[in-house]
Amino acid sequence: TTASKALMETPGSSWKSGSSVPYSALCKTFEKIEDTTKRLQITAYLTAFLKEVIRLSPQDLVACVYLCLNRIGPEYEGKELGIGESILMKAVAQATGRTTQSIKADMDIEGDLGSVAQASKGNQKTMFPPPPLTVSSVLKTLQEIAAITGTSSQALKIAKINKLLVACKDNEPKYLIRSLEGKLRIGLAELTVLPALAHACVLSTSAVKKLSEERRTLLLAEAAATLKHVYNELPNYDEIIPALLKYGIDGLPEKCKLRPGVPLKPMLAHPTKSLTEVLNRFENLTFTCEYKYDGERAQIHLLEDGSMKIYSRNSENLSPKYPDIMESLPKVFKSNVKSFVLDCEAVAWDREKNCILPFQVLSTRKRKDVTTADIQVQVCVFAFDILFLNGQALTTSTLKRRREMLYEHFNEVPGIFTFAKHMESTDVEDIQTFLNLAVEGNCEGLMVKTLEHEASYEPSKRSRNWLKVKKDYLSGVGDTFDLVVIGGYNGRGKRTGWYGGFLLACYDEDKEEYQTICKLGTGFTEEDLAQHVTALNEHKIDKPKPYYDWTDTPGLRPDVWFEPVQVWEIKAADLSISPTHKAAMGLVHANKGVSLRFPRFLRIREDKKAEQATTASQVADFYRSQSINSTSAPLEDC
Ligand code: ATP
């Protein structure tokens, strides 16, 4: 096939062994990748490029991988690009000797500043061309740009971007600008980069040439699985890639392991719509029901040096938000405990009445510069898992064993640190009673988990070994949706001065685009509406992003567009096929999308980035499961 041919080929124009990888070689690969939508082909192009990097300039492999992922360091360090459009337009204008107005005018037609920059550079003649850009120098400058803060930061950033742009050739401006915007949009995600990196490593070894086609395919698949597993436990390319180059794929799991101080991606649960569905799934397995607490996920790490870190569901460092947890935790673990990683939920707690408070209370807690003395909202930590203890990863142990370890090494301190409440029974009435108790106690519902078989901790996976049963599901569509706000409609009457409604979108990971799914106008309090105006107006944009998929009809076109920054949790009555909305188009219907009926606003999801919104394929799954369960045919939206 073409894909396997490309896999064996090396990119035509290579560079000298030992020298830095030219940025142009990376951009050529990006161009090829952008021209196809076939996943296999994309992996093959990237594999071929990375193989060359390993052969000629292994010292640049980390930089190449970061640029492919459009990152400037480990995700959990939170350093991001995403330079504003106005700064970038000024930089493009300066570097190409054009006016900002003319760049803006081209942008209005073209829609993509990267392409405008490329076209503008193309017309330009340079007398003394600067030396070609290299992958490592580009990454270094991007890191420097991201680190600039303070009063004259805009001018400093523009100067650095300008310098890069002046040195750009051919298609380099396009990808450079897109990297600076924080969105490369060529179809490369970790899902593709990890297997390509694994394949490149395997194909770089001489032994592989002697293998049969079948054996080689198997080896590539195994390598990709190993690398993915290692990355899920230690998501840091600065550590993984040098080890990969030194010890190969086979030596990697031994060298790169889960370690306190590096947050692993949490295991996620599958939604279910009824207790019968849970019992059917776990028919021949032992399982446990736990309260599903309604707060914020907190992965708590104790490092060997005695320091402590708390990370969010998103691997964001929450330590500055929870100094109270950091102070009280040393009281809860026993003296023989030297290091650990716990999976917990931090929940708002009423110290007088000794009870859980709703999530809305927790969301009023300050996120930054918190001092213990100023804390208004107290929290209690509910621990439900332990993933590492005293130098040992526990992810492959069963939940039964992990729970034993948790109970053995930690003490409960009421109102400060408690184990998640649990119950084991296969009787549907017992489970229903436990669910009712959970809901009465201000919990969201239950988490039902396998206990002894198929009961390991699966980092980053939405696993069928963890099922969530929310009280709302039992009447609704199975789960709430986490959607991105991309547009606003000016309010009228009582809502004058606020937005009266919003346009929401889900995220399509394959196409890297936001697809509209519904208009939303209910569920808001007056405070919510006032808060949305303040927060969203900071992210107004003149026109929709080129990666928004929507239908331009008078009924749908919003008065104001927003950058994709806020994620909202939405409840809906059901889903229907829609001629206007684009969500999951092509997945359930060839040329119609899916939309939510009767959506209601529940809350802002501070802990999710836009790209972690409900995906198009999840929308398609919800739609399909609804069609299976409902007696009538799904409704057509009007
Ligand atoms: P998802 O992560 O599935 O997209 P989400 O972030 O909205 O969705 P939920 O669907 O609410 O998460 O369910 C999983 C979350 O429930 C966990 O991330 C965790 O924060 C919380 N949680 C509360 N109690 C437990 C528990 N006992 N076990 C596991 N998770 C729990």
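The text that follows walks through the structure, step by step, so that each part is easy to find. (Residues numbered from 1 in each chain as written. Predicted model: local features only at pLDDT ≥ 70, side-chain atom pairs only at ≥ 80, totals over all residues.)

**Structural notes on the overall build of the chain**
This is how it is decided: The numbering of helices and of strands both runs from the N terminus, where a helix is a DSSP run of H or I of at least 4 residues and a strand a run of E of at least 2. Only the C-alpha atoms count toward the radius of gyration. The rule for a globule is 2.2 Å times the residue count to the power 0.38. Partly exposed residues are those whose C-beta has more than 12 but fewer than 20 other C-beta atoms within 10 Å; 20 or more makes a residue buried and 12 or fewer makes it exposed, with C-beta atoms placed from the backbone. With C-beta atoms placed from the backbone, a contact is any residue pair whose C-beta atoms sit within 7 Å.
Secondary structure assignment for the chain yields 20 helices and 22 strands. Taken over C-alpha atoms, the radius of gyration comes to 26 Å for the chain, in line with the 26 Å a tight globule of 638 residues would show. Split into buried and exposed, the 638 residues of the chain put 41% on the buried side. Looking at the chain alone, contacts between residues at least 24 apart form 74% of all its contacts between residues at least 6 apart.

**So, helix α3 (residues 39-56)**
Put simply, the test is: Between the first and last residue of a helix there are one fewer steps than residues, each counted as 1.5 Å, and that sum is the expected span.
In this model, α3 (18 residues) spans 26 Å end to end at C-alpha, consistent with the 26 Å of a helix rising 1.5 Å per residue. With 13 of 18 residues buried, α3 is to be regarded as a mostly interior element.

**A word on the nonpolar core**
Condition: Each nonpolar core reported here comprises buried Ala, Val, Leu, Ile, Met, Phe, Trp, Tyr and Cys residues connected via C-beta atoms within 7 Å.
Counting 79 residues, the largest nonpolar core has C64, V65, V92, L197 and L227 as the members making the most contacts within it. Beyond its immediate chain neighbours, meaning those up to four positions away, V92 contacts I103, L113, V116, A117, S120, L165 and I177. The next biggest cluster of nonpolar side chains, apart from the first, holds 54 residues, and it includes L318, V379, A438 and W466.

**Concerning the site of the ligand**
Where we set the bar: Nearness between a residue and a molecule or strand is assessed with a C-beta atom placed from the backbone; a distance within 6 Å qualifies.
Close contacts around the ligand come from L268, A269, E290, K292, Y293, R297, R313, E345, F384, A420, M447 and K468, and that covers them all. Breaking the shell around the ligand down by element, the ones donating at least two residues are β1 (268-271) and β2 (287-292).

**Looking at the packing of helix α11 (residues 190-203) against helix α13 (residues 237-255)**
Note the following rule: Helix axes are fitted to C-alpha atoms over the stretch in contact, other axes to C-alpha atoms as well, and angles between N-to-C directions run from 0 to 180 degrees. Should an angle fall under 35 degrees it is called roughly parallel, over 145 degrees roughly antiparallel, and 65 to 115 degrees roughly perpendicular, with every other angle called oblique. We call Asp, Glu, Lys and Arg charged. Ala, Val, Leu, Ile, Met, Phe, Trp, Tyr, Cys and Pro are nonpolar, and the rest, Gly among them, are polar.
Relative orientation of the contacting elements α11 and α13 amounts to 85 degrees, with a least axis distance of 10 Å. As the angle between them shows, α11 and α13 are arranged roughly perpendicular. Across the interface between the two elements, A198, C201 and V202 from α11 touch L244, G248 and I249 from α13. In terms of residue class, the contact of α11 with α13 is built from 5 nonpolar, 1 polar and no charged.

**Here's the deal with the sheet that holds strand β12 (residues 462-470)**
Definition in use: For two strands to pair, DSSP has to find at least two bridges joining them.
Reading across the sheet, the 5 strands line up as β1-β12-β11-β2-β10 and stay open at both edges, with mixed pairing between neighbours. Taken across any chain shown, the strands that pair with only one partner, and hence form the sheet edges, are β1 and β10 (422-423). One ladder, built from 6 bridges, connects β2 with strand β11 (residues 445-450); its direction is antiparallel. Within β11, the residue paired with C289 across the bridge is V448. Contacting β2, β10, β11 and β12, helix α18 (residues 428-440) runs over the sheet at an angle of about 130 degrees to β11.

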